[in-house]
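# Structure at a glance
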Amino acid sequence: MAKHSGRTALQEAANSGHLHVMGLLLNKGADVNAGPITPLQLAATGGYLDAMKLLFDWQASLGVADIGGFEEVAKGGHLDAMELLLARGAVISAVTSGNALEGAVKGEHLDVMSYLLDKEVDFGLVRSKYGLRPTYLLVAVGGGRLMAVKLLLKHGVDVNAIGQRVSYSSATINGRTALQEAGKGGHLDVIKLLLGRNADINAPISNQGWSALQGAAAGGRLNAMKLCKGQQRAHLDAVKLLLDRSADVNASPGERCSLTALQAAATGGHLEAMELLLLAGAEINAPPSPVFGYTALQAAAGGSYHFDAVQLLLQKGADLNAAAGSYGSTVLQIAANKVILDVVTLLLEKGADVNEARDLSNGLVKLFLDKGANANAEGKDGKSALNLAVSNNSLVIANLLLARGACVKDDTIWRAQPYPHLLSILQKACNVSG
């Protein structure tokens, strides 16, 4: 009988290694090869050697070798279970051993890794139905698994191999080396090991990738995660080490969503890293990557607690009015959209163009108007602040703008049709002006 999990009773018993229950069920005619994940696969994954032997006695098939089940066996560090499978006829192939090696690396089971590597199978890259994925070295480095990295290098794995994922158009994206991945993770011991094995510190950057220094400078904040002080210190030490080893401080970012080292540090508001990079000659006004890129100042302005980072960059000559990458925003637009009042005030004091930001919160509209913003200024999209206020159904902002002379146009009236209260004040404004 199948349980609510979708497994048969024998599968459940095998998954827990309950020999007595398994024997009772087999004697009552339980299907020894019930799928899709067979009792043998479940027992092997848990490393239940006696349960595996019992199932073999009942003519269990070796389906584990056909669907990559070796990976879970290896990930659990069950070398004896793997040896038993091979002794009973399972075949080590590039695919099954590759899956197993990936599992062993993830679990950092050095004995299983050594066993598989000694088989001298051409492992290449980690296999996936979605295309090629990272190298095994990249898998080890990504988790900061120092001993696994050492073992792979000892077996001759290429320290500069590039992990890849292939898109539907066969264009390589997200390619990166082990050192680039180690920099991103701030794994200082791994970085030292890789550099000692002649890893290319300035390896080419893929279109969505990063250099080792860029990854370290981001302080792990490539996905905007907040780090504890210990992790930030590890990344700072990685930045120092990479700069000492002549990492290119001004390496260009990838084409999409990527950052120079200084831009990356500014994104996280990492003041010490920014100071180190500037001291090493980082270009403060380096252009952003073409798509969704930011200058260092724009990157810093987007953080809620990055006032000091913004102030440092301005003191060092950052361009207040630099253009952003495609689909990006200027520094004032970024700070205003996130309502970071202290940064907005600082930027305006330093001479930022007050007419850049139009889609504002209630509190900022009056500030910008008081600073001389044109109530009728339009952006590149042709929309005025009043148009945006109407689209957002903001009665308060609309009233503020009208009081400062904002013009009501036909398209403004059209946008207000769903909002009766807004429509009424706009029509009154039209009558007054008329």
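Predicted, not measured: the structure shown is a model, and the values here were computed from it. For every chain, the first residue of the written sequence is number 1, and numbering continues from 1 onward in sequence order. Only residues with pLDDT of 70 or above have their local features reported here, since the model is predicted, and side-chain atom pairs are shown and tallied only from 80 upward, although totals for entire chains, interfaces and linings are computed over all residues. Excluded from the side-chain calculation are hydrogens and water; included are all heavy atoms of the structure.

Moving on to the nonpolar core. Inside soluble globular proteins, nonpolar side chains tend to come together where they are buried. The criterion is simple. A nonpolar core is a set of buried Ala, Val, Leu, Ile, Met, Phe, Trp, Tyr and Cys residues joined through side-chain atoms within 4.5 Å. With a 1.4 Å probe rolled over the protein chains alone, any residue whose accessible area is under 20% of its type maximum counts as buried; one over 50% counts as exposed, and the rest are partly exposed. Met82, Leu194, Leu277, Leu313, Leu347 and Phe368 are the most contacted members of the largest nonpolar core, which has 109 residues in total. The next biggest cluster of nonpolar side chains, apart from the first, holds 18 residues, and it includes Val365, Ala375, Val390 and Leu401.

On to the confidence of the model for the protein chain, then. Scored by pLDDT, the protein chain comes out at a mean of 83, with 83% of its residues at no less than 70. The quantity called pLDDT is the predictor's confidence in a given residue, expressed from 0 to 100. The contact definition used throughout considers only heavy atoms, calling two residues in contact when any of these lie within 4.5 Å. Every residue in residues 165-173 scores below 50 in pLDDT, and together they form 12 contacts with partners more than four places removed in sequence or on other chains. Scored below 50 in pLDDT, residues 220-226 makes 11 contacts in the model with residues more than four places away or belonging to other chains.

Moving on to the UniProt feature "repeat: ANK" (unreviewed entry) in the protein chain. UniProt positions are given in the numbering used here, feature names are shortened, and annotations may be inferred rather than shown by experiment. UniProt feature "repeat: ANK" (unreviewed entry): in the numbering of this structure it lies at residues 5-37, 174-206, 257-289, 292-325, 327-359 and 381-406. Here a helix means four or more residues in a row that DSSP labels H or I, a strand means two or more in a row labelled E, and each is numbered from the N terminus. Secondary structure content for residues 381-406 is 62% helix and 0% strand, while the C-alpha to C-alpha distance between its ends is 17 Å.

What follows covers the pattern of salt bridges. The term salt bridge refers to a side-chain nitrogen of Lys or Arg lying within 4 Å of a carboxyl oxygen of Asp or Glu. By the definition in use, this model includes four salt bridges. Between Lys106 and Glu102 there is a salt bridge, with its nearest N and O atoms 3.2 Å apart. Taken together, the positions of Lys106 and Glu102, both in helix α7 (residues 94-107) and four residues apart, correspond to about one turn of that helix. A relative accessible area of 31% means that Lys106 is categorised as partly exposed. For Glu102, a relative accessible area of 3% corresponds to the buried category. The residue Glu181 makes a salt bridge to Arg176 at a minimum N-O spacing of 2.6 Å. As far as the burial class goes, Glu181 and Arg176 line up, both buried. Linked by salt bridges that have partners in common, Lys366, Asp370 and Arg404 make up one network.

Below, the discussion takes up helix α12 (residues 188-196). Every buried residue of α12 is listed here: Val190, Ile191, Leu193, Leu194 and Leu195. Directly beyond the C-terminal end of α12, a positive phi value near 70° is found at Asn198.

Moving on, we get to the side chain of Thr177. Structurally, Thr177 can be placed in the loop between β2 (172-176) and α11 (178-185). In this structure, Thr177 is in contact with Leu138, Asn160, Ala161, Ile162 and Ala203, ignoring residues within four places of it in sequence.

The subject of this paragraph is the packing of helix α2 (residues 19-27) against helix α4 (residues 49-57). Look at α2 against α4: their axes get within 10 Å of each other, and the N-to-C directions meet at 15°. Between α2 and α4, the interaxial angle falls into the category roughly parallel. Classified by chirality, the crossing of α4 by α2 is right-handed. Across from Leu19, Met22, Gly23 and Leu26 in α2, the residues of α4 making contact are Asp50, Ala51, Leu54 and Leu55. A per-class count over the contact of α2 with α4 returns six nonpolar, one polar and one charged. Between N-to-C directions, angles cover 0 to 180 degrees, with each direction set by a line fitted to C-alpha atoms, over the stretch in contact for helices. Note on terminology: angles under 35 degrees are roughly parallel, angles over 145 are roughly antiparallel, angles of 65 to 115 are roughly perpendicular, and the others are oblique. By convention the crossing between two helices is left-handed if the near helix lies anticlockwise of the far one by an angle smaller than a right angle, and right-handed if it lies clockwise. Charged means Asp, Glu, Lys or Arg here, nonpolar means Ala, Val, Leu, Ile, Met, Phe, Trp, Tyr, Cys or Pro, and polar covers whatever is left, Gly included.

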